[in-house]
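Topology and contacts: notes
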Amino acid sequence: MNIPRTSYPRIVIIGGGFAGVALAKKLSKREVQVVLLDKNNYHTFQPLLYQVSTGGLEPDSIAYPIRKILKNFPNFHFRLANVNEIDAESNKVITNIGELKFEYLVIASGAKTNYFGNKVIEAHSMAMKTIPQSLNLRSLILENFEDALLTSDLNERNALMNFVIVGGGPTGVELAGALAEIKKGILPKDYPDLDTRLAQIHIIQSSDCILKGMSKKASEKAEDFLEKLGVNIWKNVRVTNYDGMTVTTNTDLTFETATLIWAAGVKGATIKGMDETYMVTKGNRLLVNAYNQVKGFEHIFAVGDVANMLTDSFPNGLPMMAQPAIQQGDQLGDNLLRLIEGKPMEPFVYKDKGVMATIGRNKAVVDLKRFKFQGIFAWYVWMFVHLFFLIGFRNRVVVFVNWVYNYIRFDREARLIIRPFKTRRKVKG
Ligand SMILES: Cc1cc2nc3c(=O)[nH]c(=O)nc-3n(C[C@H](O)[C@H](O)[C@H](O)COP(=O)(O)OP(=O)(O)OC[C@H]3O[C@@H](n4cnc5c(N)ncnc54)[C@H](O)[C@@H]3O)c2cc1C
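Residues numbered from 1 in each chain as written. Predicted model: local features only at pLDDT ≥ 70, side-chain atom pairs only at ≥ 80, totals over all residues.

The name given to the protein in an unreviewed UniProt entry is NADH:ubiquinone reductase (non-electrogenic), with the source organism recorded as Snuella lapsa. In its Sequence similarities (unreviewed entry) section, the UniProt record describing the protein reads: "Belongs to the NADH dehydrogenase family." (UniProt positions renumbered as here; feature names shortened; annotations may be inferred.)

What follows is the structure, encoded as structure tokens:
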């Protein structure tokens with residue numbers, strides 16, 4: 001990999017997401033050598049992926065080059081590499097570009113979509129965990145309307161204009177709200193010769209409420225907002241299969257759709273060699289102690305979504321969200337330096353800053369520790385927080401300008417099929 005050997009201890013970080021970047025920033029200008037490995041050369045701001053999928057933002061505005069984040073850090077090396085295996089016995093990582101020895105290893109590989117073992121659903125549904133996946137979804141949504149225009153088969157046209165989202169968490173809710181706004185504000189203008197009022201948006205949720213992790217008030221208000229936007233919410237329904245056209249559920253309900261979006265869960269992105277059953281908990285996350293050390297190891301750590309830290313307040317593990325990842329990365333930076341200097345490490349304590357979700361224009365729900373509020377003020381808070389945590393001044397400006405423009409013009413100009421997702425289906429004309 002052409003990484004020089006120095007007198008400094010080498011810390012290898014796998015993943016330049018929220019946790020990996022927070023850790024890297026903490027270790028900058030310290031007497032350690034840091035090697036950051038990521039399969040992408042950019043950091044992704046996942047909370048805004050749904051806006052890329054729905055044409056509200058260009059992908060470049062929610063991605064940031066990892067090399068630019070590290071550019072002024074001495075003793076830092078970035079390699080574009082997919083880590084295939086961790087050899088904990090020989091202290092090395094095995095990647096597609098070679099092997100690398102480490103003194104300390106930090107696994108910050110995040111999470112991937114969880115289909116709960118259903119390969120058929122995995123093969124036919126759309127996920128929204130990465131920028132390429134979001135662009136696929138954007139293309140598919142637009143391609144479906146182009147095809148709907150061509151067919152004279154009513155059932156096929158309806159299926160092309162129906163969108164089924166599995167999972168009523170923040171991702172499902174935000175996506176449904178954005179699709180509903182497209183249906184109302186954009187489709188009638190773009191497709192005047194198509195009866196776009198027939199387009200349907202469904203959320204299927206296996207439990208009895210949406211936004212389950214939030215307060216009752218937030219959940220009810222979000223449901224109210226979505227229903228007013230025309231989104232159909234099906235609670236206590238579980239999707240059992242999808243063959244690319246028909247969604248079957250554990251009830252009598254079935255849905256005909258050309259687009260099933262799977263937002264029903266994620267699982268830790270563990271890596272071969274560190275995925276033994278004794279160290280992996282529910283959700284495929286690596287069990288870590290209060291210092292983020294992976295069970296059984298003193299010098300191997302995990303932070304962020306891939307790590308499962310069980311605490312009194314979160315007995316099932318910290319939420320898989322940006323804040324725990326950032327806070328863990330940040331604190332591990334201090335702890336690694338303490339460890340290297342022979343000082344005792346400090347246990348991680350999660351500062352819960354709250355949860356929020358937006359449903360659409362002027363509509364959001366915010367649960368802070370002390371205050372819970374919904375509506376337009378919540379929407380402003382949601383926008384401010386997302387702009388604040390976005391990496392890069394240019395990205396903040398671009399996103400802000402886009403939002404103002406979209407707000408004033410009721411528009412989403414990034415509705416472009418730049419890279420078609422599928423070969424156009426043969427529509428029955
Ligand atoms: C659609 C969506 C919406 C979300 N909305 C919110 C929200 O509103 N608020 C919130 O707090 N959280 C939200 N989240 C969750 C939040 O984004 C994650 O909790 C957060 O990204 C976790 O940070 P991380 O550093 O652990 O992992 P990530 O940010 O996922 O980073 C992991 C990195 O590791 C790299 N990687 C993985 N495996 C390998 C490998 N084998 N080799 C090399 N590199 C590898 C990846 O390329 C990636 O860059 C959302 C997530 C999604 C998908």
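So much for the structure itself; the text now carries on.
A word on the site of the ligand. Gly15, Gly17, Gly110, Gly304 and Met321 are the nearest of the 34 residues found near the ligand. Among the secondary structure elements, those contributing two or more residues to the shell around the ligand are helix H1 (18–27), strand E2 (33–38), helix H2 (49–53), helix H7 (170–185) and helix H10 (322–340). Per-class residue counts for the shell around the ligand are 18 nonpolar, 12 polar and 4 charged. Mapping the shell around the ligand onto the domain boundaries places at least three of its residues in each of domain 1 (10–39 + 81–113 + 266–340) and domain 2 (119–264 + 361–409). (Near = placed C-beta within 6 Å. Helix = DSSP H or I, 4+ residues; strand = E, 2+ residues; numbered from the N terminus. Nonpolar A, V, L, I, M, F, W, Y, C, P; charged D, E, K, R; others polar. Domains from an automatic or database assignment.)

Although it is not a glycine, Leu211 adopts a positive phi angle of roughly 45 degrees. Note that Leu211 resides in the loop between strand E12 (200–204) and helix H9 (216–228). Look at Leu211 and you get buried, because 25 C-beta atoms sit within 10 Å. Backbone geometry places Asn292, a non-glycine residue, at a positive phi of 70 degrees. Examined against the element boundaries, Asn292 turns out to sit in the loop between strand E20 (285–288) and strand E21 (300–302). (Buried ≥ 20, exposed ≤ 12 C-beta atoms within 10 Å, placed from the backbone.)

A few words on the UniProt feature "domain: FAD/NAD(P)-binding" (unreviewed entry) in the protein. Taken from the UniProt record, the annotation "domain: FAD/NAD(P)-binding" (unreviewed entry) applies to residues 10–329. A helix fraction of 29% and a strand fraction of 27% characterise residues 10–329, whose end C-alpha atoms lie 17 Å from each other.

Right, let's talk about the nonpolar core for a bit. Counting 125 residues, the largest nonpolar core has Val106 and Ile261 as its most contacted members. Aside from chain neighbours lying at most four places away, what touches Ile261 is Ser125, Met126, Met128, Leu137, Phe163, Ile165, Val166 and Leu175. (Core = buried A, V, L, I, M, F, W, Y, C linked by C-beta atoms within 7 Å. Contact = placed C-beta atoms within 7 Å.)

On to H10. Along its 19 residues, H10 runs 27 Å from first to last C-alpha, staying within 8% of the 27 Å computed at 1.5 Å per residue. Within H10, the full set of buried residues consists of Ala322, Pro324, Ala325, Ile326, Gln327, Gln328, Gly329, Gln331, Leu332, Gly333, Asn335 and Leu336. Immediately beyond the C-terminal end of H10, within one or two residues, lies Gly342, with a positive phi of roughly 80 degrees. (Expected span 1.5 Å × (residues − 1).)

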